Amino acid sequence: MTVISFFNMTGIELLKTADGSSTLYSSQFGEHYHSTFGAIQESTHIFIQAALDRFQDKQSRVNILEIGFGTGLNTLLTMLWADKNSRQIHYHALEAYPISYEMAGSLNYFEKLHIDQDLFLKLHQAADLPFKISDNFTLEKE
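Everything numeric in this text was worked out from a predicted model, so none of it was measured.

Another point: the confidence of the model for the protein. Mean pLDDT over the protein stands at 91; residues scoring 70 or higher make up 94%. In the model of the protein, strand 1 (residues 2-7) stands out as the element of lowest mean pLDDT, 50, in contrast to helix 4 (residues 109-113), which has the highest, 97.

The next subject is the nonpolar core. Counting residues in each nonpolar core, the largest one holds 34 residues, and the members touching the most others are Ile89, Tyr91, Tyr109, Phe120, Leu123, Phe137 and Leu139. Counting residues per element, this core draws most heavily on helix 2 (residues 73-85), which supplies 6 residues. The contact partners of Phe137, leaving out residues within four places of it in the chain, are Thr75, Thr78, Met79, Ile89, Tyr91, Leu123, Phe131 and Lys132.

For the rest of this paragraph, the subject is the packing of aromatic side chains. Under the counting rule described, the total for this entry stands at 4 aromatic pairs. Put simply, the rings of Phe47, Tyr91 and Phe137 pair up and form one aromatic cluster.

Moving on, we get to helix 1 (residues 39-49). For helix 1, every residue scored as buried is listed here: Ala39, Ile40, Ser43, Phe47 and Ile48. Down the axis, helix 1 shows its buried residues gathered within 95 degrees of arc, on one side only. Where helix 1 is buried, its residues meet strand 3 (22-26), strand 5 (61-67), helix 2, strand 6 (88-94) and helix 4.

It is worth spelling out unusual backbone geometry at this point. Even without a glycine there, the phi angle at Ser86 is positive, about 50 degrees. Counting through the fold element by element, Ser86 comes out in the loop between helix 2 and strand 6. Since its relative accessible area comes to 51%, Ser86 is described here as exposed. Positioned with a positive phi, His114 is a non-glycine residue whose angle comes to about 55 degrees. Position of His114 relative to the elements: it lies in the loop between helix 4 and helix 5 (117-125). Residue class for His114 comes out exposed when judged on its relative accessible area of 72%.

How each quantity is defined
- Residues numbered from 1 in each chain as written.
- Predicted model: local features only at pLDDT ≥ 70, side-chain atom pairs only at ≥ 80, totals over all residues.
- Heavy atoms only, no water.
- pLDDT = per-residue confidence, 0-100.
- Helix = DSSP H or I, 4+ residues; strand = E, 2+ residues; numbered from the N terminus.
- Core = buried A, V, L, I, M, F, W, Y, C linked by side-chain atoms within 4.5 Å.
- Buried < 20%, exposed > 50% of the residue type's maximum accessible area, 1.4 Å probe, protein only.
- Contact = heavy atoms within 4.5 Å.
- Phe/Tyr/Trp six-rings, centres within 6.5 Å; stacked < 30°, edge-to-face > 60°.
- Arc of directions from axis to C-beta.

So, in C-alpha cells, the structure goes:
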C-alpha cells in the first residue's frame, strides 16, 4: 500500500491498494474505505460476483439501497454491470460524509477500468433527485 497524497483539511489520505486501485483512509474514523489488498478486486468480488450476478437472468429491474456511498466504487461497478447486462437499476445511496468532487477526481478507478473519467465523476455530481446516468442506470444520492 502506498500513500499517494494527504488531504490535511479533511483528514483523508489517498492510498494505492495492492491491485493498483485507489482507496481512501479516514483518520476521523480510523477506517479504510476499501480493502488495502485491492479496492476494485474487493468490490467486484463482494458487490458484483456475490450479489448482482445472481440477478443476471432473473430480473430485468433491480433496486439497490447502499448505506455509505463513499468513493462511489460500488456504484460505478454496478452501473457498468447494468449496462453490460442490459438490466435496469435504480440505485439509492446514502452518505453522511460525502467526499469532495476534487477528491473523487483523484481516484484512479476510471483509469483501471478503462472508462471515461467524466462517467465516474457524474456519480459524484448526482444528488437527491433521481439522476439518469446511463440508459440502464439511475442514481439517487442523499
